[in-house]
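# Breakdown of the fold
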Amino acid sequence: MDGSRIIERLRERFATAIVETGSQWRDHTAVVDRAAVREALEFCKTNPELSFDMLTDLTAVDYLKFPGREDRPRFEVVYHLYSLPHNHRVRLKVGVEEDDAVVPTAVGLWPIANWFEREVWDMFGIRFDGHPNLRRLLMYEEFEGHPLRKDYPINRRQPLIGPRN
Amino acid sequence: MGLGAFFATKLDEAIGWARKYSIFQYPFVTACCGMEYMATACSHYDIDRFGAGLTRFSPRQADVLFVVGTISHKMAPVLKRVYDQMCEPKWVVAFGVCTCTGGFYDNYATVMGIDTIIPVDVYIPGCPPRPESVIDGLMKLQDRIAAGAQRY
């Protein structure tokens, strides 16, 4: 299905919960309200016309001090979906505020979301509600903070052994 | 110099000569430098010519620790443990700029040179170093071994 029609389907189904849509180079994106994201993902997966059976990527972006986004949420969680039967793709985004950085988990829909969400928690400190095992994935247990947040000092190191800076 | 001292020096020389041609390495390969290490070890460049052809995959059987590739803070305790497990005498080679200084990584994850954790005998810079510079480093290590440079 063409990308613009996928967006249309999402708009038909979720109406105002689709906050914003856009496309660049035929990559179609829908920004979904956080309250509807769980349903939207499930719709994307189970609707026979869409049947996005593959979560190719789940990540986040920190827009701290990003020009032109001062009044928008600090983080965005990004879902890249792909459908093997239909060979089409879509990108969903969810805005997440810093003081309420929680998103419902997608583990029940795509098991791969388990490690993706652990990575996002590790790197950005965004929690996933309902995740079965939300521990750090890449950094060690002793690590404090979330290194891919823009306010994490670029030179700050937390060595397990050896000199500290 | 007495006769006893004369023989003791000659014995040290003989041991040094023997050791420098029987380098059993432990390659601690973590990153892309490993490809260059393999290229050096294989028949085109052939480090067996220098008696360093037999890699041991147990630190307890190795003389030289080749640290090949970026070491992260998460990996640092493992590297220290491997070094501690090696029998003396032992030497360490830092292979590539990441192990020498951290290289172009200046971030939360990377150790700024393995000499902040374990002592290093020979530094081979390069990103990655060419096999020629690896062999140069290996020959410098041989000189050190022959001269009896050891850490206990």
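Definitions and cut-offs
Residues numbered from 1 in each chain as written. Chains lettered and ligands numbered in written order. Predicted model: local features only at pLDDT ≥ 70, side-chain atom pairs only at ≥ 80, totals over all residues. Pairing = 2+ DSSP bridges. Helix = DSSP H or I, 4+ residues; strand = E, 2+ residues; numbered from the N terminus. Axes fitted to C-alpha atoms, helices over the stretch in contact; angles between N-to-C directions. Contact = placed C-beta atoms within 7 Å. Expected span 1.5 Å × (residues − 1). Buried ≥ 20, exposed ≤ 12 C-beta atoms within 10 Å, placed from the backbone. Parallel < 35°, antiparallel > 145°, perpendicular 65-115°, else oblique. Nonpolar A, V, L, I, M, F, W, Y, C, P; charged D, E, K, R; others polar. Core = buried A, V, L, I, M, F, W, Y, C linked by C-beta atoms within 7 Å. pLDDT = per-residue confidence, 0-100.

This part is about the sheet that holds strand 4 (residues 122–124) of chain B. Residue and element names in this part refer to chain B. Within the open sheet, the 4 strands sit side by side as 1-2-3-4. Their pairing is parallel. Taken across any chain shown, the strands that pair with only one partner, and hence form the sheet edges, are strand 1 (25–29) and strand 4. Taking each pair of neighbouring strands and ignoring which way they run, the sheet shows an average axis angle of 15°. Taken together, the 5 bridges between strand 1 and strand 2 (residues 64–68) define a ladder with parallel strand orientation. In the strand pairing of strand 2, phenylalanine 28 is matched with valine 67. Along the sheet, helix 2 (residues 33–41) contacts strand 1, strand 2 and strand 3 (91–95); its crossing angle with strand 2, the most-contacted strand, is approximately 130°.

Take helix 3 (residues 113–124) of chain A next. All names here are of chain A. Its 12 residues place the ends of helix 3 15 Å apart at the C-alpha level, agreeing with the 16 Å of an ideal helix rising 1.5 Å per residue. The set of residues buried in helix 3 consists of Ala113, Phe116, Glu117, Val120, Trp121, Met123 and Phe124. Elements in contact with the buried residues of helix 3: strand 3 (54–62), strand 4 (75–83) and strand 7 (127–129). Just past helix 3, the residue glycine 125 takes up positive phi, approximately 75°.

For the rest of this paragraph, the subject is the packing of helix 2 of chain B against helix 5 (residues 131–146) of chain B. Residue and element names in this part refer to chain B. Running from N to C, helix 2 and helix 5 cross one another at 75°; their axes reach a closest spacing of 9 Å. If you check the angle between helix 2 and helix 5, you find them roughly perpendicular. Residues Glu36, Ala39 and Thr40 of helix 2 touch helix 5, and the partners they reach there are Pro131, Val134 and Ile135. Class assignment for the residues of the contact of helix 2 with helix 5 results in 4 nonpolar, 1 polar and 1 charged.

So, on to the nonpolar core. The nonpolar side chains of soluble globular proteins are, as a tendency, buried together. The biggest cluster of nonpolar side chains holds 38 residues, and the ones touching the most others in it are Leu65, Phe66, Val67, Val93, Ala94 and Phe95 of chain B. For this core, the secondary-structure elements that each account for two or more residues are strand 1, helix 2, strand 2, helix 3 (76–85), strand 3, helix 4 (97–101), strand 4 and helix 5 of chain B. Core analysis: the second largest hydrophobic core is formed by 34 residues, Ala30, Leu55, Leu81 and Met123 of chain A among them.

This next bit is on the sheet that holds strand 4 of chain A. Residue and element names in this part refer to chain A. One open sheet accounts for 5 strands, arranged 1-2-5-4-3; its pairing is mixed. Lying at the two open borders of the sheet, with one neighbouring strand each, are strand 1 (18–24) and strand 3. On average, adjacent strands in this sheet sit at an angle of 20° to one another, irrespective of strand direction. Relative to the sheet, helix 2 (residues 37–46) contacts strand 2 (27–32), strand 4 and strand 5 (88–96), its axis offset from that of strand 5 by approximately 175°.

This next bit is on the pairing of strand 5 of chain A. All names here are of chain A. Note that strand 2 and strand 5 share 4 bridges and pair parallel. If you follow threonine 29 over to strand 5, its bridge partner there is arginine 91. Pairing analysis gives 9 bridges linking strand 4 to strand 5, with the strands arranged antiparallel. Looking at strand 5, one finds that tyrosine 79 is bridged to leucine 92. In this structure, the hairpin formed by strand 4 and strand 5 is closed by a connection of 4 residues, where asparagine 87 is found at a positive phi of approximately 55°.

On average, residues of chain B carry a pLDDT of 89, and 97% of them reach 70 or more. On the interface metric, ipTM, the complex scores 0.79, and its pTM is 0.84.

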